[in-house]
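If you want the building blocks of each chain, they are given just below.
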Amino acid sequence: MKINKYNSLLFAALFGLGFSGHAQSKQWTLEECVRYALDNNITIKLSELDVKNADIDKKDAFGKYLPSVSGSASHSWNIGLNQDVTTGLLRNQTTQYSSVGLNAGVDIYKGLQNQNTYRRTKLSIIASQYQLLKMQEDISLNVANAFLQILSYKEELKVKKEQLTIDEKRLARSEEMVSAGTIPRGDLYDLKATIATDQQGITVSENNLLISKLSLAQLLQLKEFADFDVIDDTNAKDENNIMAQSPIDIYNKAKETRTELKLAQTNLEIAQKNVAIARGAYQPRLSGFYGFNTRASYSDQVKLDANNQPYTVGPAPVFQQFSDNKGHNFGLDLQIPIFNGFSVRNNVERNKVSLEKSKIDLEQKSLDLQRNVYTAFTNAKGALNTYESSTVTLEARQQAYNYAKEKYDVGLMNSFDFTQAQTLLTNAQSDVIRTKYDYIFKIKILEFYFGIPIVPIIKK
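For the protein, an unreviewed UniProt entry supplies the name TolC family protein and the organism Flavobacterium pectinovorum. According to UniProt, the comment filed for the protein under the heading Subcellular location (unreviewed entry) is "Cell outer membrane". Its UniProt record gives the protein a comment under Sequence similarities (unreviewed entry), which states: "Belongs to the outer membrane factor (OMF) (TC 1.B.17) family."

### Section: the overall build of the protein
A tally of regular secondary structure across the protein gives 10 helices and six strands. Of all 460 residues assigned to the protein, the portion counted as buried reaches 37%. At a minimum sequence separation of 6, the contacts of the protein that also span at least 24 residues come to 83%. On the protein, roughly 26,700 Å² of surface is accessible, and the fraction owed to carbon and sulfur atoms is 54%.

### Brief notes about a nonpolar patch on the surface
On the surface, Val-106, Ile-108, Tyr-109, Leu-112 and Leu-332 cluster together into a nonpolar patch covering about 450 Å² of accessible area. Per-element accounting of the nonpolar patch gives the leading share, three residues, to strand β2 (residues 90–109). As for its position among the elements, Ile-108 is in strand β2.

### Some points on the confidence of the model for the protein
With 88% of its residues at a pLDDT of at least 70, the protein reaches an overall mean of 85. The element-level mean pLDDT for the protein is lowest in helix α1 (residues 5–16), coming to 42, with helix α7 (residues 259–279) highest at 95. Considering only residues more than four positions removed or in separate chains, one finds that residues 1–24, a stretch of pLDDT under 50, has 31 contacts.

### Focus: the environment of Arg-350
Here Arg-350 lies in helix α9 (residues 343–409). In this structure the C-alpha to C-alpha distance between Arg-350 and Asn-274, which are 76 residues apart in sequence, comes to 9.8 Å.

### Focus: the side chain of Ser-47
Position of Ser-47 among the secondary structure elements: in helix α3 (residues 42–63). For Ser-47, a relative accessible area of 7% gives the class buried. If sequence neighbours within four positions are ignored, Ser-47 has contacts with Leu-132 and Met-135.

### Focus: the nonpolar core
Soluble globular proteins tend to bury their nonpolar side chains together. Core analysis: the largest hydrophobic core is formed by 45 residues, its most contacted members being Cys-33, Val-143, Phe-147, Leu-216, Leu-220, Phe-228 and Val-230. Elements with a contribution of two residues or more to this core: α2 (30–40), α3, α4 (113–180), α5 (185–219) and α10 (415–449). Ranked by residue count, the leading element in this core is α4, at 17 residues. Discounting residues that sit within four places of it in the chain, Phe-228 has contacts with Trp-28, Cys-33, Ile-150, Lys-213, Leu-216, Ala-217, Leu-220 and Leu-222. Listed in part, the 23 residues of the second largest apolar core include Ala-264, Ala-376, Phe-377 and Ala-383.

### Details of the pattern of salt bridges
Evaluated as defined, the whole model comprises 16 salt bridges. Glu-156 is paired through a salt bridge with Lys-160; the nearest N and O atoms lie 3.6 Å apart. With Glu-156 and Lys-160 both in helix α4 and four residues apart, the pair spans about one turn of that helix. No difference in accessibility class separates Glu-156 from Lys-160, as the two residues are buried. Taking the shortest distance from any N to any O, the salt bridge between Arg-371 and Asp-368 comes out at 3.1 Å. Here Arg-371 pairs with Asp-368, and both are found in helix α9, just three residues apart, close to one helical turn. Given a relative accessible area of 46%, Arg-371 falls into the partly exposed group. Through salt bridges with shared partners, a single network forms among Glu-137, Arg-258 and Glu-260.

### Considering the packing of α4 against α7
Contact geometry of α4 with α7 gives a least axis separation of 9 Å together with a crossing angle of 160 degrees. Our classification of the angle between α4 and α7 gives roughly antiparallel. The handedness of the crossing between α4 and α7 is left-handed. Residues that form the contact of α4 with α7 fall into these classes: nine nonpolar, nine polar and eight charged.

### A word on α10
Because an α-helix packs 3.6 residues into every turn, residues spaced three or four apart end up facing the same way. Under the 1.5 Å per step criterion, the end-to-end length of α10 is 51 Å for 35 residues, consistent within 8% with the ideal 51 Å. Phi turns positive, to about 90 degrees, at Gly-451, one or two residues after α10.

### Some points on the packing of aromatic side chains
Throughout the structure, instances matching the rule amount to 10 aromatic pairs. The interplanar angle of 85 degrees and the centroid separation of 5.3 Å between the aromatic rings of Trp-28 and Tyr-36 together place this pair among those described as edge-to-face. Taking 6.2 Å as the distance between ring centres and 55 degrees as the angle between the ring planes, the aromatic pair formed by Phe-62 and Tyr-65 counts as tilted. According to the relative accessible area criterion, Phe-62 is partly exposed, its value standing at 44%.

### Re unusual backbone geometry
Residues other than glycine seldom take positive phi values, yet Gln-221 does so here, at roughly 60 degrees. Note on Gln-221: relative accessible area 29%, which makes it partly exposed. Non-glycine residue Phe-342 carries a positive phi angle of around 65 degrees. With respect to the helices and strands, the residue Phe-342 is situated in the loop between β6 (327–335) and α9. The partly exposed category is assigned to Phe-342, whose relative accessible area is 43%.

### Observations concerning the packing of α5 against α10
Put simply, α5 and α10 touch, their axes get as near as 9 Å, and they point 25 degrees apart. Regarding the angle of α5 to α10, the classification is roughly parallel. Across from Asp-187, Asp-190, Leu-191, Thr-194 and Asp-198 in α5, the residues of α10 making contact are Ser-415, Phe-416, Thr-419 and Gln-422. Taken together, the residues of the contact of α5 with α10 break down into two nonpolar, four polar and three charged.

Reading the values: the criteria
Residues numbered from 1 in each chain as written. Predicted model: local features only at pLDDT ≥ 70, side-chain atom pairs only at ≥ 80, totals over all residues. Heavy atoms only, no water. UniProt positions renumbered as here; feature names shortened; annotations may be inferred. Helix = DSSP H or I, 4+ residues; strand = E, 2+ residues; numbered from the N terminus. Buried < 20%, exposed > 50% of the residue type's maximum accessible area, 1.4 Å probe, protein only. Contact = heavy atoms within 4.5 Å. Areas by Shrake-Rupley, 256 points an atom, 1.4 Å probe, with all protein chains shown as cover. Patch = residues over 30% accessible without salt bridge, like charges linked within 9 Å, V, L, I, M, F, W, Y side chains within 5 Å. Salt bridge = Lys/Arg side-chain N within 4 Å of Asp/Glu carboxyl O. pLDDT = per-residue confidence, 0-100. Core = buried A, V, L, I, M, F, W, Y, C linked by side-chain atoms within 4.5 Å. Axes fitted to C-alpha atoms, helices over the stretch in contact; angles between N-to-C directions. Parallel < 35°, antiparallel > 145°, perpendicular 65-115°, else oblique. Left-handed = near helix turned anticlockwise from the far one by under 90°. Nonpolar A, V, L, I, M, F, W, Y, C, P; charged D, E, K, R; others polar. Expected span 1.5 Å × (residues − 1). Phe/Tyr/Trp six-rings, centres within 6.5 Å; stacked < 30°, edge-to-face > 60°.

Laid out in structure tokens, this is it:
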């Protein structure tokens, strides 16, 4: 027997992913789903780590202002003809000595590169925070869409189950009417086929509902989702009266609040700092340095007497040698770039190109936002009109069905025509459900552009 693709998905969900058929213990609201996703979604966690990396980069940049200090120590053995480190005389012997040193350096002027690098890292933190906020907003919209999809499938399943109940009652009554000879037996067969179609539709709707729950559970990164279900806490009303706003008002509000524009503007400022940092390499670099060193020998020392004749004495105490042999050096180091194979110039030009790209990206983001706002407004208005039209259609189909039922009950309509009226009613009910949740989601998008979040995002 050929296995239906929906059945395959159902088995995969049931046995491969851990769904079970016991009673559901919790029903999630839309706000609970969004909150949980914001706290647990993997993509958001990765963006949060990017913010931490940006903060570490800022600490690195601040460290450029501070002097660099390093210490050194060594102990060596010299065998054969070598120079005594304390007297400078050449001797053929085995010697050993220790040395200690301390070096420090600090940038005094470096073409303002350190200052611009530090300012760039501060902008990078802001950019990473905007990127995190944008990710949170996108996840919120995705969760809302998945949530409303579940509600749509639940209502659709409810309608199909109610229709099956009605058809089963009709079947019982039709069997009595066939036995009484009121209707032909063929009508009974048509009704049994209709019930089979109803059952098939219920199976499809159940599979769709299960898969939609699975998708939302995965989006929320739920570890235990066998009992996962949602509760309908939405309505098809424009509570914030967003449709009373004009598209231009929504767009002007979006320009002030939308994260993608703020992110593009911050990236433009980062590109400007990169150009300034690259230009800083044209300028001279002035740095200061300081060094301290001392040493001690562990071998006999050769000294000169008053007649300049060498004589040998034992090594002085180590700490005394460290004190006698200490030395200091300090000064300024000036480096002036003259020619470096055009590397600095090319780096400046490369960053200028990146700056122009950032300007174009900001302009494009503004154009995209304008188009998206007008598109969202048009879609929301169209969804409202479609929802209202489908509601009127449903009322008419319900009246037509009631009239057909009256005719069918008294034998003035055959089973085929009555089934057609019933099918049209079911389709109208499905259209109302579909257009209702489509309208709710499009209103959410429009509110999103107007600066009204699905749930307020709390900064950590």
